[in-house]
Amino acid sequence: MPILLFLIDTSASMNQRTDLGTSYLDIAKGAVELFLKLRARDPASRGDRYMLVTYDEPPYCIKAGWKENHATFMSELKNLQASGLTTLGQALRSSFDLLNLNRLISGIDNYGQGRNPFFLEPSILITITDGNKLTSTAGVQEELHLPLNSPLPGSELTKEPFRWDQRLFALVLRLPGLASLETEHLGSVPTDESAITQMCEVTGGRSYCVRTQRMLNQCLESLVQKIQSGVVINFEKTGPDPLPVGEDGLTDSSRPSNSFAAQPWHSCHKLIYVRPNSKTGVPVGHWPIPESFWPDQNLPSLPPRTSHPVVRFSCVDCEPMVIDKLPFDKYELEPSPLTQYILERKSPHTCWQVFVTSSGKYNELGYPFGYLKASTTLTCVNLFVMPYNYPVLLPLLDDLFKVHKLKSNLKWRQAFDSYLKTLPPYYLLPLKKALRMMGAPNLISDNLDCGLSYSVISYLKKLSQQTKLESERILASVGKKPPQEIGIKVKNHSGGGVSFTHSKNFRKLLKEIIGESAPRLTEWNTKEFAGFQVGLLNKDLKPQTYRNAYDIPRRGLLDQLTRMRSNLLKTHKFIVGQDEDSLHSVPVAQMGNYQEYLKTLASPLREIDPDQPKRLHTFGNPFKQDKKGMMIDEADEFVAGPQNKVKRPGEPNSPLSSKRRRNVTVIPEVHEEKMENGPIPPDGFLSKSAPPELINMAGDGIPHPQQLDSLSDDFTSLRKDGLVHRPGTSALLGGSKHCGVSVEERKASVTPTLGTAPNTLHITPAMAQGINADIKHQLMKEVRKFGRKYERIFILLEEVQGSLAVKKQFVEFTIKEAARFKRRVLIQYLEKVLEKIDSHNHLNNVNHINSRSSC
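The notes below deal with the structure included here.

A few points about the overall build of the protein chain
Here comes step 1: Broken down by element type, the protein chain carries 23 helices and 17 strands.
Here comes step 2: Residues counted as buried form 39% of the 855 residues belonging to the protein chain.
Here comes step 3: Counted over contacts in the protein chain with a minimum sequence separation of 6, partners at least 24 positions apart contribute 74%.
Here comes step 4: As displayed, the protein chain has an accessible area near 51,800 Å², and 55% of this comes from carbon and sulfur atoms.

Some thoughts on unusual backbone geometry
Here comes step 1: In this chain, Pro58 is followed by Pro59 through a cis amide linkage whose omega measures 0°.
Here comes step 2: Counting through the fold element by element, Pro59 comes out in the loop between strand S2 (49–53) and strand S3 (62–64).
Here comes step 3: The phi dihedral of Lys405 falls on the positive side, at around 55°, and the residue is not glycine.
Here comes step 4: Among the structural elements, Lys405 can be located in the loop between helix H8 (390–402) and helix H9 (410–421).

A look at the environment of Gln225
Here comes step 1: With respect to the helices and strands, Gln225 occurs in helix H6 (residues 213–225).
Here comes step 2: Between the C-alpha atoms of Gln225 and Leu38, which are 187 residues apart in sequence, the distance is 9.9 Å.

Digging into the environment of Leu175
Here comes step 1: Tracing the sequence through the fold places Leu175 in the loop between strand S7 (166–173) and helix H5 (196–203).
Here comes step 2: Apart from residues lying up to four places away in sequence, Leu175 is in contact with Thr18, Tyr24, Ile27, Val210, Arg211, Thr212 and Gln213.

Quick look at a nonpolar patch on the surface
Here comes step 1: On the surface, Val586, Val588 and Met591 cluster together into a nonpolar patch covering about 270 Å² of accessible area.
Here comes step 2: Following the sequence through the fold, Val588 ends up in the loop between helix H13 (557–569) and helix H14 (594–600).
Here comes step 3: Given the relative accessible area of 53%, Val588 is considered exposed.

Notes on the sheet that holds S7
Here comes step 1: Pairing in this open sheet of six strands is mixed, and the strands run S3-S2-S1-S4-S7-S8 from one edge to the other. Two strands bound the open sheet, and with one partner strand each, they are S3 and strand S8 (207–210). For this sheet, the mean angle separating the axes of adjacent strands, direction not counted, is 20°.
Here comes step 2: One ladder, built from two bridges, connects S2 with S3; its direction is antiparallel. Bridging from a neighbouring strand, Val53 pairs with Ile62 of S3.
Here comes step 3: On top of the sheet, H5 reaches strand S4 (123–129), S7 and S8; it is set at about 155° to S7, its chief contact.

Basis of the calculations
Residues numbered from 1 in each chain as written. Predicted model: local features only at pLDDT ≥ 70, side-chain atom pairs only at ≥ 80, totals over all residues. Heavy atoms only, no water. Helix = DSSP H or I, 4+ residues; strand = E, 2+ residues; numbered from the N terminus. Buried < 20%, exposed > 50% of the residue type's maximum accessible area, 1.4 Å probe, protein only. Contact = heavy atoms within 4.5 Å. Areas by Shrake-Rupley, 256 points an atom, 1.4 Å probe, with all protein chains shown as cover. Patch = residues over 30% accessible without salt bridge, like charges linked within 9 Å, V, L, I, M, F, W, Y side chains within 5 Å. Salt bridge = Lys/Arg side-chain N within 4 Å of Asp/Glu carboxyl O. Pairing = 2+ DSSP bridges. Axes fitted to C-alpha atoms, helices over the stretch in contact; angles between N-to-C directions.

In structure tokens:
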């Protein structure tokens, strides 16, 4: 489970802005969010743990630690503000202490018992800073210093504040404040020259000098690739250089080797990858890397260890040794000059032995515990970790299995006992387990001695208990804000100095501020700002100092009283001197913090119809839906077909079918008139094309009161084609224009209809255009609504003003809107309406042709 700790520079210098107008702190926040998005592409990111630390004083610098979830991490990130000093050293120390909080409790460091690479907590510490000078209360620091004193118990057992599975990477922002005219060159990002670069290299990481936004994105991509499970080891050469290798892969003794000149591959500080088990997801290993001291019962305390073990390799070519069933550990080395040199020798069948100085009891260099070997395909270099002093153990075990057939004699037993004397005590338990796995007899006593004195063991247990208490204290302070200063501390300079209030310059400045004297125009350079006028201070305006109530003029008493009451009772919701318009000037970091805004709102009222599906707020996404309480989408019902068929209200045996069919018959008798020269389109063809359950009219033929009040919607008009059109419906009340009917006959046919509406209004083209625009807007809103109540949509289509062609356009528009929201059932009904309109257009065209032919 990788740990990703972000250390954000929150000093005041992070308020500086780039050429785009964004501050460094906003860029840092955006970089963290982008990094999380890039990391989320990897399925292994599900187990990541995120922490957030700032430059505040400890322990208040920890904004998100071991117990905080991802939501808290993001909330604290958005609310960060830049203020204070650049205390990078203290912030790094607090970050490493946070990572090391539980290591002593879990025993992952295994002090005095060897270093197990498979006991690790891979951690990546990413700091984002501006690279400015390091400042503290003592002044400006030229070098980066981490405090030596740590509140964490057991920190004295390691010389450095970090561990071998923790790496530091730094993004140093160097973005210019003005737009650069130079073209950006793509390539590798260079390291920064600030003080943090050396610290990054010591931990096995690196720094990035970020000068553009594109370069920042490139660095984030690189950092995502750096998240690997492994530990950092110092590899150093011991002894002479190897003989050069010829083109045939064999050593060439005739070619001289420069053993005294330092080469890059002589000392490398790189990572070895510790791969997790494919089945359990946890790294599995058998053998530790030895300690750099021999554990003795007489040691009063453990010597402090370095965070990274120093592994020395001998360049003498040896044959790699391995026997059947003996477990060993294999770790791949990170690419480095050492791996490149070994691969260039093209010797996959030889190896170089590795040692840890002072690990043995009788040998200063120690005995080999493994070897470096190139892979058979020459693609990588692997570190093989074997039992300690394996060149002696492996031949003994081979003889035990092959020669003695698991029945050891006295000579073999004496050789094995002499080997055990060279073995550090912490190797006895893993060796006993390995022999048991091989099926060998019990050759090691059950009373194993770890090699540590009783006082050392008691001290480690005591440290574990103290760490638990300190861990609870630190975790309890996470998220709390530091206490505010009650007042400003002013140093008391005793002496005969003149008070600052008696200074002539101060009194002059005070008079200019309160308006008793105007500033001199000679101080202004009018030529520098041509076209501008200098605003003189009005002497009639007096400052509002609230010193004496009698100084307030009579005409300003009410205004002053309102201000005084507001300041006394704190009834204003914003800062004094800040108007309401400035409240909408929200910083970029707080623009998306909608949850905090919701907390200030009053609790909403109860829903009128609790059966209706609840809608979430659509802040930022108008199509956001509640997946739990959402109704089944009609697209899913349409796909399901007859499997989930439910009897609809319009079908027989439904109590609403007869009532709603009776409602549809509530139509004025004038709609049933016939034309002499052919049938007319029936009234309400849109309504009749829709299914009965979609028509929701007032029951039992009683009109709604709103229909009686809105007389402006109940009018008729004479169309150009001779048909009387009622705007509230799509009914065509007159006949088509033809040569066989006189004007008087047409007026007579229209007169009874006009008599039914005494307060008739004439719709102008401008009015019709405005009505149609409003209907179009309402149609868009109705189509978006949930459910299958479409009666309002068909009522709106009935009210469209204009010819059948205009109505057809509105129906086609509604079909497109319904397709956007996957309203398939609605689309079926609207297509029936569209077919009805096309049939009426075709019938009118035929009647028009027949009337011309008769003429």
